[in-house]
Amino acid sequence: MSRVDPPSAEIVVAGHICLDVIPAMHGGKPGQSIGDLFVPGKLIDIGAAQLSTGGAVPNTGIALHRLGLPVKLMGKVGNDLFGEAILSILRTYGENLADGMIVASGEPSSYSVVISPPGIDRIFLHCTGANDTFSADDVPPEELNGARLFHFGYPPLMRSMYEDGGAELERMLSAAKSRGLTVSLDLARPDPESAAGRADWQTILRRSLPHVDAFLPSFEEILYMLRPAKYAELAERHGSTELLAYADGPLLGSLANELLDMGVAVAALKLGEHGLYVRTTSSAERLRGMGLCAPGDERLEEWRDKELLAPCYRVEVAGTTGAGDCTIAGFLAGLAKGLSVEEVLLGAVGVGACNVEQADAVSGIPGWEDVQRRIAAGWAQREAGLSLPGWSRKPGSGVWSRNDGYEI
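In what follows, the accompanying structure is described.

Reading the values: rules and limits
Residues numbered from 1 in each chain as written. Predicted model: local features only at pLDDT ≥ 70, side-chain atom pairs only at ≥ 80, totals over all residues. Heavy atoms only, no water. Helix = DSSP H or I, 4+ residues; strand = E, 2+ residues; numbered from the N terminus. Rg over C-alpha atoms; globule rule 2.2 N^0.38 Å. Buried < 20%, exposed > 50% of the residue type's maximum accessible area, 1.4 Å probe, protein only. Arc of directions from axis to C-beta. Contact = heavy atoms within 4.5 Å. Pairing = 2+ DSSP bridges. Axes fitted to C-alpha atoms, helices over the stretch in contact; angles between N-to-C directions. Core = buried A, V, L, I, M, F, W, Y, C linked by side-chain atoms within 4.5 Å. Salt bridge = Lys/Arg side-chain N within 4 Å of Asp/Glu carboxyl O. Disulfide = S-S within 2.5 Å. Expected span 1.5 Å × (residues − 1).

**Section: the overall build of the protein**
Then, in step 1: In terms of helices and strands, the protein carries 14 helices and 16 strands.
Then, in step 2: Taken over the C-alpha trace, the protein has a radius of gyration of 21 Å; the compact-globule value for 408 residues is 22 Å, and the two agree within 12%.
Then, in step 3: For the protein, the spread of C-alpha atoms along the principal axes amounts to about 65 × 50 × 45 Å.
Then, in step 4: Within the span of the protein, comprising 408 residues, buried residues form 55% of the whole.

Right, here's the structure in full:
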């Protein structure tokens, strides 16, 4: 196992990384399913394969890099051809971006084969590979020197992070928190039939979230983990696991309050095309304890006891790959810059909107100031799109609130 000492960075992004192999697929016949295309003994003519990095580390990390923040990427790959491809792709975005990566001898690199025929739902063949052995020991204290924020992504796709009730995840997060860093965490929705899907996520979150300042899962991920019976009931009733349409203000508030009770200072739930929801603690002491990126005293009341939603900005959508990861990058960038919670929210959905203007995960991300200029120029937003009883919109801000009594 080897690692090159990277330069110090303001933000460390660690966690899941893989190589996405995406064969170009020709169109099927109308009404065909994936099962009609893939039958034993059939030869399927395909085009060239696109290779790209996937996972929280490259998506969120490279987005932060493109926004202009000093970032270090920490993931684990094998010393194989896929691992070499991952490191090579990272270096195309920045000469030093692969320097914090771990190369594990004898372990396979993680990869996904994305089968995406036009007009037919995609399927993914995924090997978790070296992600499964990523541990707290892979984040030694010296790797965090000079950093202010530690972000970790996708523990449900990393076996050592959810085994043993999440003991390794807790050990890693608590170590980063003990060094005074602001700690943020993102999830992924596991296959319900997998070992990760059967893990006791309520226990894992209860032991991990006291060490997390900003928690940024999607609505469906956290509904699956905190309310599995509700998730299953909605999925069965509507015949789908895409459940964003059934989120509303009371359910979001209930989930977020449970997360605050578990110890986080900021619960941010990604809502796809509906935007980003944030609930913050009412404790000024907890906000002050958010580490090196905590809101300053002059900002405390702007962050304390808020319940807000920022709808997405209007754009022509070319693809949604990495949209949630890039929204997180925008959130972390605003947090690191010491902005108000409303400014952070708008920056987050602004970066997410830039992402979906391109088909891939990160090429649409401009510099931070470019995003801010676009927002300041009156970038139109979508409607909130959710039932928000008792909420109102602050005039001119683009943010909805339940607490502040703004007039619509």
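**Quick notes on unusual backbone geometry**
Then, in step 1: Here Tyr154, not a glycine, exhibits a phi torsion of approximately 75°, which is positive.
Then, in step 2: Within the secondary structure, Tyr154 sits in the loop between strand E9 (149-153) and helix H4 (159-162).
Then, in step 3: Phi at Asp305 takes a positive value of approximately 55°, unusual for a residue other than glycine.
Then, in step 4: Note that Asp305 resides in the loop between helix H11 (300-303) and strand E14 (307-310).
Then, in step 5: The exposure class assigned to Asp305 is partly exposed, which follows from its relative accessible area of 29%.

**Considerations on helix H14 (residues 368-376)**
Then, in step 1: The set of residues buried in H14 consists of Trp368, Val371 and Ile375. The buried side chains of H14 occupy one side of the element, clustering within an arc of 65° when seen end-on. Counted as exposed and oriented over 90 degrees from the buried face of H14: Arg373 and Ala376.
Then, in step 2: Buried residues in H14 make contact with helix H2 (56-67), helix H12 (323-336) and helix H13 (341-356).

**A word on the sheet that holds strand E15 (residues 392-393)**
Then, in step 1: With mixed pairing, 10 strands are arranged side by side in an open sheet as E4-E1-E9-E10-E11-E12-E13-E14-E16-E15. Two strands lie at the open edges of the sheet, namely strand E4 (71-74) and E15, each paired on one side alone.
Then, in step 2: As paired strands, E14 and strand E16 (residues 400-401) are joined by 2 bridges and run antiparallel to one another. Each bridged residue has a counterpart across the sheet, and for Leu309 the counterpart in E16 is Trp400.
Then, in step 3: In this fold helix H5 (residues 167-178) packs onto E9 and strand E10 (182-186), with an angle of close to 165° to the strand it touches most, E9.

**Quick notes on the nonpolar core**
Then, in step 1: Of all hydrophobic cores here, the largest spans 64 residues; its most connected members are Leu67 and Phe331.
Then, in step 2: For this core, the element with the most residues is H13, which contributes 9 residues.
Then, in step 3: Those residues in contact with Phe331, other than ones at most four positions away along the chain, are Ala214, Leu216, Val266, Ala268, Leu276, Val278, Trp303, Val344 and Ala348.
Then, in step 4: With 59 residues, the next largest nonpolar core counts Leu181, Ala196, Val264 and Trp391 among its residues.

**Observations regarding the pattern of salt bridges**
Opposite charge on two side chains makes pairing possible when the charged atoms of those side chains draw close.
Then, in step 1: What the rule picks out here adds up to 23 salt bridges.
Then, in step 2: Here Arg227 ties to Glu258 by a salt bridge, and the two come within 3.0 Å at their closest N and O atoms. Here Glu258 lies in helix H9 (residues 249-262) and Arg227 lies in the loop between helix H7 (219-226) and helix H8 (228-238), a separation of 31 residues in the sequence.
Then, in step 3: For Arg227, a relative accessible area of 23% translates into the label partly exposed.
Then, in step 4: Between Arg237 and Glu233 there is a salt bridge whose closest N-O contact spans 2.1 Å. Here Arg237 and its partner Glu233 are both found in helix H8, 4 residues apart, which amounts to about one turn of the helix.

**Let's talk about the state of the cysteines**
Then, in step 1: On inspection of all chains with the given rule, the structure shows 0 disulfides.
Then, in step 2: Residue Cys127 stays outside any disulfide, its sulfur separated by 9.6 Å from that of Cys18, the closest cysteine.
Then, in step 3: With no disulfide of its own, Cys354 lies 9.4 Å from the sulfur of Cys326, the closest cysteine sulfur.

**Points about helix H3 (residues 81-93)**
Then, in step 1: The end-to-end C-alpha distance of H3 is 19 Å, a good match for the 18 Å that 13 residues give at a rise of 1.5 Å each.
Then, in step 2: Buried residues of H3: Gly83, Ala85, Ile86, Leu87, Ile89 and Leu90, and no others.
Then, in step 3: Those residues of H3 that are buried lie in contact with strand E2 (18-23), strand E3 (49-54), H2, E4, strand E5 (76-78) and strand E6 (102-104).

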